[in-house]
Amino acid sequence: MTLTIHPVLLAGGSGTRLWPLSRKSYPKQFSPLLGEESLFQASAKRLSGADYAAPVVLTNDAFRFIVTEQLADVGIEPAGILIEPEGRNTAPAVLAAALSLQQKDADALMLVAPSDHVIPDVAAFNAAVAAATEAAQAGDLVTFGITPTRPETGYGYLELETAPESGGAPRPVKLTRFVEKPDAERALQMLAAGNYLWNAGIFLFSVKTIIAAFEAHAPSLMDPVRASVENAQKDLGFTRLAAEAWSQAEDISIDYAVMEKAQNLSVVPYASGWSDLGGWDAVWLESGPDSDGVATNGAATAIDCKDTFLRSESDEQKIVGLGLTNVVAVAMPDAVLVADKSRAQDVKTVVSALKAQGAKQAETFPRDHRPWGWFESLVVGERFQVKRIVVHPGAALSLQSHHHRAEHWIVVQGTAKVTVDEEVKLISENQSVYIPLGAVHRMENPGKVPMVLIEVQTGSYLGEDDIIRYEDVYSRS
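In this text the structure is predicted, and so the values were computed from the model without any measurement. (Residues numbered from 1 in each chain as written. Predicted model: local features only at pLDDT ≥ 70, side-chain atom pairs only at ≥ 80, totals over all residues. Heavy atoms only, no water.)

Participant: What should I look at first to understand the UniProt feature "domain: Mannose-6-phosphate isomerase type II C-terminal" (unreviewed entry) in the chain in this one?
Facilitator: As recorded in UniProt, the feature "domain: Mannose-6-phosphate isomerase type II C-terminal" (unreviewed entry) lies at residues 359-472. Across residues 359-472, helical content stands at 0% and strand content at 55%; the span's end C-alpha atoms are separated by 31 Å. (UniProt positions renumbered as here; feature names shortened; annotations may be inferred. Helix = DSSP H or I, 4+ residues; strand = E, 2+ residues; numbered from the N terminus.)

Right, dumping it as structure tokens:
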């Protein structure tokens, strides 16, 4: 690999097929679905090292601090984090990244990748990327196709002119066309034909080549996205794309906008293991089921089960399956999914049903992540709520007050620096402080370890929108 490649990580999605673990407020890319690292962290590490520049990340406002925190945890400093004002699919996102990189180097190669895929063999993937660089430098739009291992109906396909060679070093081959997700019969036919690959949605091209492709095949996107990039505002360490111009961009994928129309296409086949974890059946498969087809995760026990996946997200919440066949069961403190494994692709209908009921579990994660740390509700009553709050070292909540509630803070780990009106004091473990209704207050962690406290709220209204912010180091309104 002779050129430095600029990774572009797409991290703004809010997939619903892995509910209840993946929700709008905290989607699957930020969760440790397999192992200790999140999918986003694993993706960033995979696209790092001597051959790669620092990554550019596209995400939304709600996830910006999750992105920076998770990158910092794995020792990666991003080249830039672009904040999309609203989701407009992958075509505007890729074009915005290209226009941003164009300001530095129009000849640069950019590797566009979703941040929620599993690719266990990093060396093999990097070899595939290396094999694609010459074609990308020569002006091809290179995609990466996964050698299918089953007649999958949940993926789109790539049709090649001829079946790829088995074994040997990867190399680009001519891409004939993109194929929509097939039905079961068509998927079997394509698997037997041998010249079809799964579409991984990963691309390598030069900045000038992809911009030229947008100009040729999706010219209506150029003006709004360019205006959004040129009028972007710096905010702390983020770049906020201009909202008004961005809203004029069509909501369309890069496949539909460019790839299905372009002629300068090639594909590098990849056969060393990949999954987009697009459903709980895929997580079951990647979890390594035993000889009975059973896989468990967390505090889960399977007895006399077959082809079943059991997962618990809390050590305090045991899930036990007895005599189950072809079942997925995922338990979280506030919601449990039990489904026939063959219906894994239909889990999004569960989310729609819950939204129709007005259930907060449809979109809201039980642990609320904030730039300073996170909190979760332990008990909620008619006029009270008990929370656990964790504040990162050196972090601070906003200076704020409430109209409708008073608060009592008890520190259980670390030390809190507490401001209540004009008084500032340190509160250590096993000490507490009372925040009267209407008092202007702030909580900070001056220490080197996470600070944990229990907050007891009392009042007539306990919603998170009962906050008046006077100062905030994270620039939240």
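What follows continues from the structure just given.
Participant: Whenever I open this one, the packing of helix α1 (residues 39-46) against helix α2 (residues 64-73) confuses me. Can you help?
Facilitator: Describing two packed helices takes the angle between their axes plus the distance from one axis to the other. Following both chains from N to C, one finds α1 and α2 inclined at 55 degrees, their axes separated by 10 Å at the closest point. It follows that α1 is oblique to α2 by the angle criterion. As α1 runs across α2, the sense of the crossing is right-handed. Here α1 contributes F40, Q41 and A44 to the contact with α2, which in turn contributes V67, Q70, L71 and D73. For the contact of α1 with α2, a count of residues per class yields four nonpolar, two polar and one charged. (Axes fitted to C-alpha atoms, helices over the stretch in contact; angles between N-to-C directions. Parallel < 35°, antiparallel > 145°, perpendicular 65-115°, else oblique. Left-handed = near helix turned anticlockwise from the far one by under 90°. Contact = heavy atoms within 4.5 Å. Nonpolar A, V, L, I, M, F, W, Y, C, P; charged D, E, K, R; others polar.)

Participant: Is there a simple way to think about helix α4 (residues 122-137) in this case?
Facilitator: Each turn of an α-helix holds 3.6 residues, which means side chains three or four residues apart point in the same direction. In this model α4 runs 22 Å from its N-terminal to its C-terminal C-alpha over 16 residues, within 8% of the 22 Å that 1.5 Å per residue would give. At A131, α4 shows its strongest bend, of approximately 25 degrees. Buried residues of α4: A124, F125, A128, V129, A131, A132, T133, A135 and A136, and no others. Immediately beyond the C-terminal end of α4, within one or two residues, lies G139, with a positive phi of roughly 110 degrees. (Expected span 1.5 Å × (residues − 1). Bend = angle between axes of the 7 residues up to and from the residue. Buried < 20%, exposed > 50% of the residue type's maximum accessible area, 1.4 Å probe, protein only.)

Participant: What is the right way to look at the sheet that holds strand β17 (residues 335-340) in this model?
Facilitator: Through backbone hydrogen bonds, the strands of a sheet pair up, either in parallel or in antiparallel fashion. One open sheet accounts for four strands, arranged β12-β14-β16-β17; its pairing is mixed. Edge strands, defined here as strands with exactly one partner in the open sheet, are β12 (294-297) and β17. Across the sheet, the axes of successive neighbouring strands diverge by a mean angle of 5 degrees, strand direction being ignored. The sheet contact formed by strand β16 (residues 327-332) and β17 spans six bridges and is antiparallel. Opposite V327, over in β17, you have D340 as the bridge partner. (Pairing = 2+ DSSP bridges.)

Participant: Which parts of the structure should I look at to understand the packing of aromatic side chains?
Facilitator: In this description, an aromatic ring pair is defined by two values, namely the gap between the centres and the angle between the planes. Evaluation of the coordinates by the stated rule reveals 13 aromatic pairs. Three or more aromatic residues link up through ring pairs in this structure, and these residues are Y26, F30, F40, F63 and F365. Between R64 and the ring centre of F238, over which it is positioned, the NZ or CZ distance is 5.9 Å. The ring of F375 carries the charged tip of K387 above its face, separated from the ring centre by 4.0 Å. (Phe/Tyr/Trp six-rings, centres within 6.5 Å; stacked < 30°, edge-to-face > 60°. Lys NZ or Arg CZ within 6 Å of the ring centre and 35° of its normal.)

Participant: Would you take a moment to explain the environment of T143 for this structure?
Facilitator: With respect to the helices and strands, T143 occurs in strand β5 (residues 141-146). As for T143 and M259, which are separated by 116 residues in sequence, their C-alpha atoms are 9.3 Å apart. T143 has contacts with L158, L175, N199, I202, F203, S266, V267 and V268, leaving out every residue within four places of it along the chain.

Participant: Help me out: how do you make sense of the packing of helix α3 (residues 90-102) against helix α6 (residues 207-217) in this one?
Facilitator: Taken N-terminus to C-terminus, the directions of α3 and α6 make an angle of 135 degrees; their axes are 9 Å apart at the nearest point. Relative to α6, the element α3 is oriented oblique. Crossing of α3 over α6 shows left-handed handedness. Mapping the contact onto sequence places A91, V94, L95, A98, L99, L101 and Q102 in α3 and V207, I210, I211 and F214 in α6. Considered class by class, the residues forming the contact of α3 with α6 number 10 nonpolar, one polar and no charged.

Participant: Quick question: what am I supposed to make of unusual backbone geometry here?
Facilitator: In terms of backbone geometry, most residues other than glycine have negative phi values and most peptide bonds are trans. Note that the residue after W19, namely P20, is joined by a cis bond; omega there is 10 degrees. Here P20 lies in the loop between β1 (5-10) and α1. For L236, which is not glycine, the phi torsion reads 55 degrees and is therefore positive. Backbone geometry places D421, a non-glycine residue, at a positive phi of 55 degrees. Inspection of the secondary structure puts D421 in the loop between β23 (416-420) and β24 (423-427).

Participant: Please clarify how the pattern of salt bridges should be interpreted in this entry.
Facilitator: Side-chain pairs of opposite charge can arise whenever the charged atoms involved come near each other. Applying the stated rule across the entire model yields 22 salt bridges. Its salt-bridge partner being E159, residue R177 comes within 2.4 Å of it at the nearest N-O pair. Taken together, the residues R177 in strand β7 (residues 173-179) and E159 in strand β6 (residues 157-160) connect sequence positions 18 residues apart. Under the relative-accessibility criterion, R177 is labelled partly exposed at 39%. In this structure, E423 and K425 form a salt bridge, with 3.9 Å as the shortest nitrogen-oxygen distance. Note on K425: relative accessible area 32%, which makes it partly exposed. Via salt bridges that share partners, D61, R64, D235 and R240 belong to a single interconnected network. (Salt bridge = Lys/Arg side-chain N within 4 Å of Asp/Glu carboxyl O.)

Participant: I keep staring at α1 and nothing clicks. Help me out?
Facilitator: In terms of burial, α1 is a largely internal element, six of the eight residues being buried. Looking at α1, one finds that the buried residues are L39, F40, Q41, S43, A44 and R46.

Participant: Is there a simple way to explain the environment of A127 in this structure?
Facilitator: Mapped onto the elements, A127 comes out in helix α4. Put simply, A127 and S266 are 139 residues apart on the chain and 16 Å apart in space, counted from C-alpha to C-alpha.

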